[in-house]
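Residues per chain are reported as follows:
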Amino acid sequence: MRIPFIAGNWKMFKTKKEAKEFAEEFRTLYKDTDVRTAICAPFTQLDTLKEAFAGTSIGVGAQNVHFEDEGAFTGEISLPMLKEIGVDYCVIGHSERRQYFNETDETVNLKLKKLLNESDIVPILCVGENLEQREAGREKEIVEGQIRADLAGISADKVASMVIAYEPIWAIGTGKTATPEQAGEMCAVIRGIIEELYDEDTCDRVIIQYGGSVKPENATEIMNMDEIDGALVGGASLIPQKFMDIINS
């Protein structure tokens, strides 16, 4: 049985002081549950959150990683650096990385292989179409192309341990949200692609999240869709009570 997974993506928000304050408040709200929970934060906050969440089941994730161990890659963070901190998750291929920082399916594939072959850090692979592609009826084609390229050369057992987040770009930070039916349909499409590429067992095991303006007011309806196993939450994850409300949904 797939365990529901709610992950917060803080993007470029919060100082170390603010992260510590969040963690202290969130710990008072959080109760152990059968829902996996994590915060994916900027690199400067990872140590702070690991320390603050010690002794709990709350995971900590990075928002990116480079596919080389070291080198002349100014501004990048390597896998050995993340392993030293002890992070649990790592977001790969977020649409903002693809749009603003020239992330490609080829680099996403290299990063996934790095994480899966050389660590126990769980990748959260982000895929999704933009508004123009959605309005042209190409959303399934776009997402399938991303998944096929991103997972090229990765074995079934590795894919089964991953998380895939369907994030329609037109619903990220816009206030627009895919309807539960739209989100559920695309998550079902993703599961079908995984079954076609691998097998039924792999598609049954992979966790598929929805992300895109998830908030307490719409979380329950979204989570009730059969093929949605959780959420990658943006703005609402910055506020302890709102994030807890989504977990409780």
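Residues numbered from 1 in each chain as written. Predicted model: local features only at pLDDT ≥ 70, side-chain atom pairs only at ≥ 80, totals over all residues. Heavy atoms only, no water.

A. Layout of the sheet that holds strand β3 (residues 58-62). If you trace the eight strands once around the closed barrel, you get β1-β2-β3-β4-β5-β6-β7-β8, paired in parallel fashion. Strand-to-strand twist of the sheet, defined as the mean angle between neighbouring strand axes without regard to direction, takes the value 25°. One ladder, built from two bridges, connects β3 with strand β4 (residues 89-92); its direction is parallel. Note on β4: the bridge partner recorded for Ala62 is Cys90. Sheet strands in contact with helix α9 (residues 180-197) are β5 (122-127), β6 (163-166) and β7 (207-211), and its direction is about 140° off that of β6. In the packing of helix α12 (residues 240-248) onto the sheet, the strands contacted are β1 (5-9), β2 (36-40) and β8 (230-233), and the crossing angle to β1 comes to about 160°. (Pairing = 2+ DSSP bridges. Helix = DSSP H or I, 4+ residues; strand = E, 2+ residues; numbered from the N terminus. Axes fitted to C-alpha atoms, helices over the stretch in contact; angles between N-to-C directions. Contact = heavy atoms within 4.5 Å.)

B. Up close: unusual backbone geometry. Backbone geometry at Lys14 places phi at a positive 80°, although glycine is not the residue there. In this structure, Lys14 sits in the loop between β1 and α1 (16-29). Here Asn102, not a glycine, exhibits a phi torsion of approximately 60°, which is positive. Along the chain, Asn102 falls in the loop between α4 (95-100) and α5 (105-118).

C. How the structure looks around the layout of surface pockets. There is about 510 Å³ of room inside the largest pocket. Lys11, Met12, Gln63, Arg97 and Phe101 are, among the 17 residues lining the largest pocket, the residues nearest its centre. In terms of residue count, α4 provides more of the lining of the largest pocket than any other element does, three residues in total. A class-by-class count of the residues in the lining of the largest pocket yields eight nonpolar, five polar and four charged. Volume-wise, the second largest pocket comes out at about 260 Å³. Around the second largest pocket, the lining is made up of 20 residues, and of these Gly173, Ser213, Gly234, Gly235 and Ala236 lie nearest the centre. Residues belonging to the lining of the second largest pocket are distributed by class as follows: eight nonpolar, eight polar and four charged. (1 Å grid on protein atoms, 1.4 Å probe; cavity = no way out; pocket = protein on both sides within 12 Å on 5 of 7 lines; lining within 4 Å. Points joined across faces, edges and corners; volume = space filled by probe spheres on them. Nonpolar A, V, L, I, M, F, W, Y, C, P; charged D, E, K, R; others polar.)

D. Quick peek at the environment of Arg138. Looking at the element boundaries, Arg138 is found in the loop between α6 (131-135) and α7 (139-150). Within the structure, the side chain of Arg138 is placed 2.9 Å from the side chain of Glu141, a separation counted as a polar contact. (Polar contact = N/O pair within 3.5 Å; in protein donor to acceptor, adjacent residues only side chain to side chain.)

E. Highlighting the environment of Lys16. Summarising the element assignment, Lys16 is placed in helix α1. For the pair Lys16 and Leu82, spaced 66 residues apart in sequence, the C-alpha separation works out to 17 Å.

F. Inspection of the pairing of β1 at higher detail. With five of five residues buried, β1 is to be regarded as a mostly interior element. Of the two faces of β1, both are covered, the one formed by Phe5, Ala7 and Asn9 as well as the one formed by Ile6 and Gly8. For the crossover that starts at β1, traverses α1 and ends in the parallel β2, the hand is right-handed. Note that β1 and β8 share four bridges and pair parallel. Of the residues in β8, the one forming a bridge with Ala7 is Leu232. (Buried < 20%, exposed > 50% of the residue type's maximum accessible area, 1.4 Å probe, protein only. Right-handed = clockwise from strand over helix to strand, strands pointing away.)

G. Up close: the side chain of Glu129. On the secondary structure map, Glu129 appears in the loop between β5 and α6. Within the structure, Glu129 has its side chain in polar contact with the side chain of Arg134 (distance 3.0 Å). Among the polar contacts made by the side chain of Glu129, one reaches the side chain of Trp170 at a distance of 2.9 Å. In this structure Glu129 touches Arg134, Glu139, Ile142, Val143, Tyr166, Glu167, Pro168, Ile169 and Trp170, once residues within four positions along its chain are discounted.

H. Inspection of the environment of Glu139 at higher detail. Along the chain, Glu139 turns up in helix α7. The contacts of Glu139, once residues within four sequence positions are left out, are Glu129, Gln133, Arg134 and Met186.

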